[in-house]
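Close look at the chain arrangement
Below, each chain spelled out in residue letters.
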Amino acid sequence: MKNFVVKTIANAGAVAVAVWLLDKITLTGTSTAKKAGTLIVVALIFGLVNSLVKPIVKVLTFPLFILTLGLITLVVNALMLLLTSWVCGKLSLSFHVEGFWTAVLGGLIVSVVSWALHMILPDED
């Protein structure tokens, strides 16, 4: 359980950095508490999308992973971020990613920051 909470907090922090750095990734709210709550829900949705959909996409695009030497990972991460944005829109959450190239850059930022936070934060169960 502790590992799940740590990963969710790391994902929320990574998404927050992407929102802060990129103008076309938006998170709106009336107060800081609402923004933080929305960020946690977005991190949960992003984690769910990554654990359910991403493995399927990776298997289906395996030849492209070999052909591009893994660079297709940037596209897969962007698609997962766009899917998270779409799900958030359907759930009336105020998180939106505008455009594919913004999603590519946002996916890169989220991946790097999430990796760094996972290195710093404990991951015990």
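Here is a short report on the structure shown in this document. In this text the structure is predicted, and so the values were computed from the model without any measurement.

Parameters and conventions
- Residues numbered from 1 in each chain as written.
- Predicted model: local features only at pLDDT ≥ 70, side-chain atom pairs only at ≥ 80, totals over all residues.
- Heavy atoms only, no water.
- Helix = DSSP H or I, 4+ residues; strand = E, 2+ residues; numbered from the N terminus.
- Expected span 1.5 Å × (residues − 1).
- Buried < 20%, exposed > 50% of the residue type's maximum accessible area, 1.4 Å probe, protein only.
- Contact = heavy atoms within 4.5 Å.
- Axes fitted to C-alpha atoms, helices over the stretch in contact; angles between N-to-C directions.
- Parallel < 35°, antiparallel > 145°, perpendicular 65-115°, else oblique.
- Left-handed = near helix turned anticlockwise from the far one by under 90°.
- Nonpolar A, V, L, I, M, F, W, Y, C, P; charged D, E, K, R; others polar.
- Phe/Tyr/Trp six-rings, centres within 6.5 Å; stacked < 30°, edge-to-face > 60°.
- 1 Å grid on protein atoms, 1.4 Å probe; cavity = no way out; pocket = protein on both sides within 12 Å on 5 of 7 lines; lining within 4 Å.
- Points joined across faces, edges and corners; volume = space filled by probe spheres on them.

**Regarding helix α5 (residues 72-90)**
Taking 1.5 Å as the rise per residue, α5 with 19 residues should run 27 Å; its terminal C-alpha atoms sit 27 Å apart, in good agreement. Listed as buried for α5 are I72, V76, N77, A78, M80, L81, T84, S85 and C88. Lining the buried residues of α5 we find β1 (25-27), α2 (32-52), α3 (54-60), α4 (62-67), β2 (95-97) and α6 (100-120). In the stretch just after α5, S92 is the one whose phi turns positive, near 60°.

**With respect to unusual backbone geometry**
The general pattern is negative phi for most residues beyond glycine and trans for most peptide bonds. Located in the positive-phi region is L69, a residue other than glycine, with phi close to 55°. Here L69 is to be found in the loop between α4 and α5. Despite not being glycine, S92 has its phi angle at roughly 60°, a positive value. With respect to the secondary-structure elements, S92 resides in the loop between α5 and β2.

**Comments concerning the packing of helix α1 (residues 2-21) against α6**
Describing two packed helices takes the angle between their axes plus the distance from one axis to the other. Where α1 meets α6, the axes come as close as 8 Å, and the angle between the chain directions of the two elements is 140°. Considered as vectors, α1 and α6 are oriented oblique to each other. The interaxial crossing formed by α1 with α6 has right-handed handedness. Between α1 and α6, the residues in contact are K7, A10, N11, G13, A14, V15, V17, A18 and L21 and G106, I109, V110, V113, S114, L117 and H118, respectively. Within the contact of α1 with α6, the residues separate by chemical class into ten nonpolar, five polar and one charged.

**Here's the deal with the packing of α1 against α2**
At their nearest, the axes of α1 and α2 sit 8 Å apart, and the two run at 110° to each other. Looking at the two axes, α1 sits roughly perpendicular to α2. Of the residues in α2, those touching α1 at F4, T8, N11, A12, V15 and A16 are L39, I40, V42, A43, L44, F46 and G47. Residues of the contact of α1 with α2, tallied by class, amount to ten nonpolar, three polar and no charged.

**Quick notes on the packing of aromatic side chains**
With the rule as written, the count across this model stands at one aromatic pair. Judged by centre distance (5.1 Å) and plane angle (75°), the rings of F100 and W101 are edge-to-face.

**What about the side chain of T38?**
On the secondary structure map, T38 appears in helix α2. Each residue touching T38, except ones within four places of it in the same chain, is listed here: L27, L93 and S94.

**So, the layout of surface pockets**
The calculated volume of the largest pocket comes to roughly 280 Å³. Together, 15 residues line the largest pocket, and K7, T8, N11, G47 and H118 are the ones closest to its centre. Put simply, the parts of the chain that give the lining of the largest pocket at least two residues each are α1, α2 and α6. It is α2 that contributes the most residues to the lining of the largest pocket, seven residues altogether.

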